[in-house]
Amino acid sequence: MKKVTAKKIAEELGISTATVDRVLNNRKGVSRKTVIRVQKKAEELGYRRNRAAKYMSTQKNHRIAFVLPVFPNYFWDELAKEIRKAASLYEEFGIFIEIQRVHTFPDNEQVQHMHHLIEQGNLDAIVIAPHDAKPFEDVINKADDLNIPVFTVNTDVPNSKRVAYVGSDYFDAGYIAAELVTLFKENIKKVSVLRDSEDTYQMQNKQRGFLRYFQENELNMEINTITFNNSAYITQSRIEKMMKKYANELEDSDAVYVASGILGEIEKYWNNNSKKQVVIGHDLNEKIYNAMNHGIVTATICQDPMAQATITLQKVTDYLLENKIEETTNHIVKLEIVTKANSKYYL
């Protein structure tokens, strides 16, 4: 196959080779409309650029900050590990990442941290796993106004100027949780939902999806919501206090949906329950795995940290190196259902 050159693309579009070269090498001075035309024609003709060769000629490095929460540790530690593994594949193209873990409670320090990163002005892109949506809209828009692209991972800020989101659909996650409740047990009369007291974008969508399933299927049952302070993620005594306070209520439930990140912390408080319940939650770690094998957790709905890390880095790299503005879209990572039978494959 004959090599596709900038000259060939220019001839096809009736524009100068210099203009095409500027677009292909991600240089400024070309209108957005022309950039998109060139990119589409380059893809149509099968143009492939040698990223490593380009880096050798320009020696231009790109710095990307990944801003991740601290708790729950088990999930964010895993995502951070996968980001580092994926990032190693892009270093030869001048892509260098730094992972910054920022507390989201008792006070959410992420917004202030974002302002600090923007003011430093030495980043080419920011990827953030925001604790919530609404509080981040202004700071993400500020970054965009200063030509710092922002991507969201794991949790989205849809009403902002972020470039793209990579992560799960949390409405679907809640919807699937409700369906699992009905599949694992018949004649359910009462369901309890354990969730964060903070009404974040993620938590709202999980609960909306959970309730929608019962509404759509005309299943009338008592649904009781139990909330807890986010400090339960770091203070075991908070979980113990909550579980004791609602012990009778939980034992009376036919099923329990743990919509938060404390699924692995509740096993010892369930051991004395005389009633066999369906317990559905999210994610998988050693504690949740053990709870499954002890018959306490019925099923969990998992995301894929490896996919989130790999796809996010691919999108950021394409955006920075290939100037793929129009083509950079959201990617919803599939949800996977894990039970005792297949849980060993997810550790």
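A short tour of the structure in this document, coming up.

Conventions and cut-offs
- Residues numbered from 1 in each chain as written.
- Predicted model: local features only at pLDDT ≥ 70, side-chain atom pairs only at ≥ 80, totals over all residues.
- Heavy atoms only, no water.
- Helix = DSSP H or I, 4+ residues; strand = E, 2+ residues; numbered from the N terminus.
- Buried < 20%, exposed > 50% of the residue type's maximum accessible area, 1.4 Å probe, protein only.
- Areas by Shrake-Rupley, 256 points an atom, 1.4 Å probe, with all protein chains shown as cover.
- Lys, Arg positive; Asp, Glu negative; His and termini not counted.
- Charge placed at Lys NZ, Arg CZ, Asp CG, Glu CD.
- Pairing = 2+ DSSP bridges.
- Contact = heavy atoms within 4.5 Å.
- Axes fitted to C-alpha atoms, helices over the stretch in contact; angles between N-to-C directions.
- Parallel < 35°, antiparallel > 145°, perpendicular 65-115°, else oblique.
- Nonpolar A, V, L, I, M, F, W, Y, C, P; charged D, E, K, R; others polar.
- Salt bridge = Lys/Arg side-chain N within 4 Å of Asp/Glu carboxyl O.
- Right-handed = clockwise from strand over helix to strand, strands pointing away.
- Phe/Tyr/Trp six-rings, centres within 6.5 Å; stacked < 30°, edge-to-face > 60°.

1. A look at the overall build of the chain
Within the chain one finds 14 helices and twelve strands. For the C-alpha atoms alone, the extent of the chain along its principal axes is close to 75 × 40 × 35 Å. The 347 residues of the chain split such that 52% are buried. Working note: accessible area of the chain is about 17,100 Å², and carbon and sulfur atoms make up 46% of it. The centroid of the 46 positive side-chain charges in the chain is displaced by 6 Å from the centroid of its 46 negative side-chain charges.

2. Section: the sheet that holds strand β11 (residues 331–332)
Reading across from one edge, β2-β1-β3-β4-β5-β11 is the order of the six strands in this open sheet, with parallel pairing throughout. Strands with a single pairing partner mark the edges of an open sheet, and in this sheet they are β2 (95–102) and β11. Where strand β5 (residues 165–167) meets β11, two bridges bridge the pair, whose relative direction is parallel. Directly across from V166, in β11, lies its bridge partner H331.

3. Re the side chain of T34
Looking at the secondary structure, you find T34 in helix α3 (residues 32–45). With residues near it in sequence (within four places) discarded, T34 still touches I15 and T19.

4. Overview of the environment of I288
Positionally, I288 belongs in helix α13 (residues 286–293). Overall, I288 belongs to the buried group, its relative accessible area being 0%. Put simply, I288 and I266 are 22 residues apart on the chain and 9.1 Å apart in space, counted from C-alpha to C-alpha. Residues in contact with I288, not counting those within four places in the same chain, are L263, G264, H282 and D283.

5. Description of the packing of helix α6 (residues 110–120) against helix α7 (residues 137–145)
Where α6 meets α7, the closest approach of the two axes is 10 Å, and the angle between their N-to-C directions is 10°. For the element pair α6 / α7, the angle class is roughly parallel. Of α7, the residues touching α6 (which contributes V111, M114, H115, I118 and E119) are V139, I140, K142 and A143. Within the contact of α6 with α7, the residues separate by chemical class into six nonpolar, one polar and two charged.

6. Remarks on the pattern of salt bridges
Scanning the model with the defined rule gives 15 salt bridges in all. Here K287 and E265 are joined by a salt bridge, their closest N and O atoms 3.1 Å apart. Here E265 lies in the loop between β8 (255–258) and α12 (267–270) and K287 lies in helix α13, a separation of 22 residues in the sequence. Several salt bridges share partner residues, and in doing so they unite K8, E12, K41 and E44 into one network.

7. Some remarks on the pairing of β2
Strand direction decides the pairing type here: strand β1 (residues 62–69) and β2, joined by eight bridges, are parallel. Among the inter-strand pairings, A65 is bridged to a residue of β2, identified as E98. Remark: the β1/helix α5 (residues 73–87)/β2 crossover connection has right-handed handedness.

8. A few points about the packing of aromatic side chains
Summed over all chains, the structure comprises nine aromatic pairs. Residues F75 and W76 carry aromatic rings whose centres are separated by 4.9 Å and whose planes lie at 90° to one another, so their mutual orientation is edge-to-face. According to the relative accessible area criterion, F75 is buried, its value standing at 8%. The class for W76 is buried, based on a relative accessible area of 7%. Ring centres 5.8 Å apart and planes at 80° place the aromatic pair Y213 and F214 in the edge-to-face group. Per residue, the accessibility class of Y213 equals that of F214, and both read buried. Through a chain of ring-to-ring contacts, the aromatic side chains of F171, Y175, F210, Y213, F214 and Y257 assemble into a single cluster.

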